[in-house]
Amino acid sequence: MSEKKDDGNGFQYGHYAHRKYLMIAAGILIAATVFFIDLFFSIPYISPSVLFEEFIHPGGTSVMHVILWDLQMPTVIAGIVCGAAFGLAGAIMQTLLNNPLASPYTLGISAGAGFGASLTMVVGLGGLSILGTYMVPAGAFIFAMLATGGIFVVAKAKGFSADVMVLAGIGLVFLFQALQSLMQYLASPDALSGIVFWTFGSLNGIEWNEVAMIFALFVIAFILIYRKCWALTAMRLGDRRAEALGIDTQGMRKWMFVLVALMTSTCVAFVGCIGFIGIVGPHVARMILGEDQRYLLPMSCVCGAIILVLADILCGTITSGREYPIGIFTSIVGVPFFFYLLMKKKTVKT
Amino acid sequence: MIVTVDNLSFCYGDARILEDLSFTARPGEITTIIGPNGAGKTTLLKCVANLFKHDGEVKFDGKEFERKDLFEFLSYMEQNTDLDVDLNVFEIVLLGMIQSLGFYVSDEDIEEVYKVLDLLEIRQFADRKIGELSGGQRQLVFIAQALVKNPSVIILDEPTSALDLFHQYNLISFMSRITKERGCTTLMTLHHLDVAYKYSDNLVIVNDHHIYSEGSPKEVFTQKMLRDVYRVRSTMMKDEDGDEHFIVLGPLET
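Rules used throughout
- Residues numbered from 1 in each chain as written.
- Chains lettered and ligands numbered in written order.
- Predicted model: local features only at pLDDT ≥ 70, side-chain atom pairs only at ≥ 80, totals over all residues.
- Heavy atoms only, no water.
- Helix = DSSP H or I, 4+ residues; strand = E, 2+ residues; numbered from the N terminus.
- Rg over C-alpha atoms; globule rule 2.2 N^0.38 Å.
- Buried < 20%, exposed > 50% of the residue type's maximum accessible area, 1.4 Å probe, protein only.
- Lys, Arg positive; Asp, Glu negative; His and termini not counted.
- Charge placed at Lys NZ, Arg CZ, Asp CG, Glu CD.
- Salt bridge = Lys/Arg side-chain N within 4 Å of Asp/Glu carboxyl O.
- Domains from an automatic or database assignment.
- Contact = heavy atoms within 4.5 Å.
- Buried area = accessible area lost by both parts, 1.4 Å probe.
- Polar contact = N/O pair within 3.5 Å; in protein donor to acceptor, adjacent residues only side chain to side chain.
- Expected span 1.5 Å × (residues − 1).
- Axes fitted to C-alpha atoms, helices over the stretch in contact; angles between N-to-C directions.
- Parallel < 35°, antiparallel > 145°, perpendicular 65-115°, else oblique.
- Left-handed = near helix turned anticlockwise from the far one by under 90°.
- Core = buried A, V, L, I, M, F, W, Y, C linked by side-chain atoms within 4.5 Å.
- Disulfide = S-S within 2.5 Å.

J.: So what exactly am I meant to see when it comes to the overall build of chain A here?
T.: Helix and strand content of chain A: 14 helices and 0 strands. Secondary structure elements in chain A, listed N-terminal to C-terminal, are α-α-α-α-α-α-α-α-α-α-α-α-α-α. A compact globule built from 350 residues should have a C-alpha radius of gyration of about 20 Å, and chain A, at 21 Å, falls within 12% of that. Taken along the three principal axes of its C-alpha coordinates, chain A extends 65 × 50 × 40 Å. Relative to its full complement of 350 residues, chain A shows a buried share of 54%. Across chain A, 20 positive and 18 negative side-chain charges occur, with their mean positions spaced 16 Å apart.

Below, the structure is given as structure tokens:
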């Protein structure tokens, strides 16, 4: 095997690669720590020791069992998985669009989902009413995929150029936001409150089968994306250089976009438009590990998961029982940390 | 590997950039494409590397290849070296072997990268971010990327554009040595005519969408060619070793 070869003269790639693996392992450890903190410490009025006892010996009182295993556990796992998915999606979008401001939402996925959810809350969506509680997620997913389809058609006509995709995305964002504003204008007070809450996103109330669905899609997308990690790294050199290395940049952009859109739309459909993680997660990972996507992709997942779960902890601790949208807290947690990293980052003086 | 270009034509929209170009590049030789600005030199290289769809044939040892198969044995270096990305020099050079890299980078691959960094004397930059280097240093990094997989065909677009005089001569003499030692086929474009004259085995002069002339430097470098293609007055002189050099006297009077 590999990457262990060191050379006695100056830079040693083997050590350099091992340091990156250690960083990822440290990140996973931190993610595991915040996972358990969120699991045991963020429910107000219930002692962490009682929850821990239920965790070690499941089947205590039925109330504790329901709180830990049916409410808190799926919520925290959803935080980890959605955070990881948003982080991964953000890293891919920033690479594909060669744009540091890109996120999974740049191409109108969240705007489409937001409008779809609003539409179902305000006027219903005909046949979707048979889906019961899944009506809103289904509406969100359908419109997120419609937005994806719109981008796909325009991008295909223009050879999947990054600039065209971003511009088409901006157009769709404006369109769906206008339609969503219309829905808010028409909505009843109850529906309006639901729309606003959904727009900021929430992990609460997510169920095991939904977590399983998100997890399965995330794992499949991660495996398929990760197989192309070298090609994605080459794309960081720009399309022309990547093509000169034999990479089919158009094909990469097409299939990566479809995978990211499917993964993000599914997450957004169940937890709403939780913002910022798709931008800040990959940036934090990049500042720590650089652009080699073999390390950047898993680290973006880890960073996204940590930020979302930290936000959930903050949400549970500060609001003390009152339910606030978690999207507000992802920014409150993420922005100061992001600023700290930006200021710490070495820059080339010109 | 013999590269045979046969009746190659390329249009960009309605504009005809290259028309019926044919020439051959042989192993162990440097074939240099020269010509004035906008003659289509870069376009020609991109067509040879199958990066642009074109009419006509480009064959490698008598066979045509799909792009994904072509890059198994062909390396292409872009003209533009501007890049600011969080990858260090070692990682950028490593990407030159992208077709054969597994998830873990093998000891042999690491050794190949070190070897080519030593060959180009840029090992001291191995851990530096590419954006921290000068244009000339970046150019050497991308040449290292092109050489690292020991390709049978090397295509370099203006490899000396950011280098000072010493490094221009040094690099092309190095490429000449590598080409002969490895027996690879090297195709490049150059603006520096004296370097092209001194180190090329075969020169292809492109002008006005066509090949103006092709052959050894002594055959094709004439005052007439410089007048017709570059629109300059020139004279030839011999140095103390008897080697011929041309001297450009100035632009043709209009």
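J.: Would you mind showing me how to read the pattern of salt bridges here?
T.: Residues and elements named next belong to chain B. Following the criterion strictly, the structure yields 17 salt bridges over all chains and no others. Where Glu19 meets Arg16, a salt bridge forms, and the shortest distance between an N and an O atom there is 3.6 Å. Notably, a salt bridge pairs Arg123 with Asp118, separated by 2.9 Å at the nearest N-O pair.

J.: Help me understand the domain arrangement of chain B in this model?
T.: How big an interface is tends to be expressed through the accessible area that disappears when the partners come together. All names here are of chain B. Taken domain by domain, chain B comprises domain 1 (1-73 + 151-215) and domain 2 (222-254). Every contact between the two is made by 9 residues of domain 1 and, on the other side, 10 residues of domain 2. In total, about 920 Å² of surface goes out of reach between domain 1 and domain 2, with carbon and sulfur atoms giving 64% of it. By the criterion of area lost to domain 2, the three top residues of domain 1 are Leu193, Tyr197 and Tyr212, representing 54% of everything that side buries. At the boundary of domain 1 and domain 2, one finds 0 salt bridges. Across the domain 1-domain 2 interface, the total number found is 3 residue pairs in polar contact (both at pLDDT 80 or more). Those elements giving two or more residues to the side of domain 1 that touches domain 2 turn out to be helix H7 (193-199) and strand S8 (202-207). It is H7 that provides the largest number of residues to the side of domain 1 that touches domain 2, a total of 3 residues.

J.: Got a minute to help me understand helix H5 (residues 135-157) of chain A in this structure?
T.: Three or four residues apart is the spacing at which side chains of an α-helix point the same way, because the helix has 3.6 residues per turn. All names here are of chain A. For H5, built from 23 residues, the straight-helix expectation of 33 Å at 1.5 Å per residue is met to within 8% by its first-to-last C-alpha distance of 33 Å. Of all the positions in H5, only Met135, Val136, Pro137, Ala138, Gly139, Ala140, Phe143, Ala144, Ala147, Thr148, Ile151 and Ala155 are classed as buried. Buried residues belonging to H5 abut helix H4 (109-122), helix H6 (162-186), helix H7 (189-200) and helix H11 (249-271). The first or second residue beyond H5 is Gly159, which carries a positive phi of 65 degrees.

J.: Please clarify how the packing of helix H1 (residues 13-41) of chain A against helix H3 (residues 62-96) of chain A should be interpreted in this entry.
T.: In a packed pair of helices, the relevant descriptors are the angle between the two axes and the axis-to-axis distance. Residue and element names in this part refer to chain A. As a packed pair, H1 and H3 sit with axes 10 Å apart at the nearest point and diverge in direction by 150 degrees. Between H1 and H3, the angle is such that the two are roughly antiparallel. Crossing of H1 over H3 shows right-handed handedness. Across the interface between the two elements, Ala31, Phe35, Asp38, Leu39 and Phe40 of H1 pack against Leu68, Gln72, Met73, Val76, Ile77 and Ile80 of H3.

J.: Sorry if this is basic, but what is going on with the nonpolar core here?
T.: The nonpolar side chains of a soluble globular protein tend to be buried, and buried together. Formed by 160 residues in total, the largest nonpolar core has its most connected members in Tyr13 and Ile225 of chain A together with Leu120 of chain B. Looking at this core, the element that brings in the most residues is helix H13 (residues 293-319) of chain A, giving 13 residues. Residue-level mapping places this core at the junction of two domains, with at least three residues from each of domain 1 (1-73 + 151-215) and domain 2 (222-254) of chain B. Those residues in contact with Ile225 of chain A that lie beyond four places of it in its chain are Leu88, Ile92, Leu232, Met256, Leu259, Val260 and Leu297 of chain A. One finds Ala244 of chain A together with Phe10, Leu74 and Val206 of chain B within the second-largest nonpolar core, a separate group that totals 29 residues.

J.: Would you take a moment to explain the state of the cysteines for this structure?
T.: Cysteine pairs can be linked by a disulfide, which is a covalent bond between their two sulfur atoms. All names here are of chain B. Throughout the structure, instances matching the rule amount to 0 disulfides over all chains. No disulfide involves Cys11; its sulfur sits 10 Å from that of Cys47, the nearest cysteine. Residue classification places Cys11 among the partly exposed residues on the basis of a relative accessible area of 34%.

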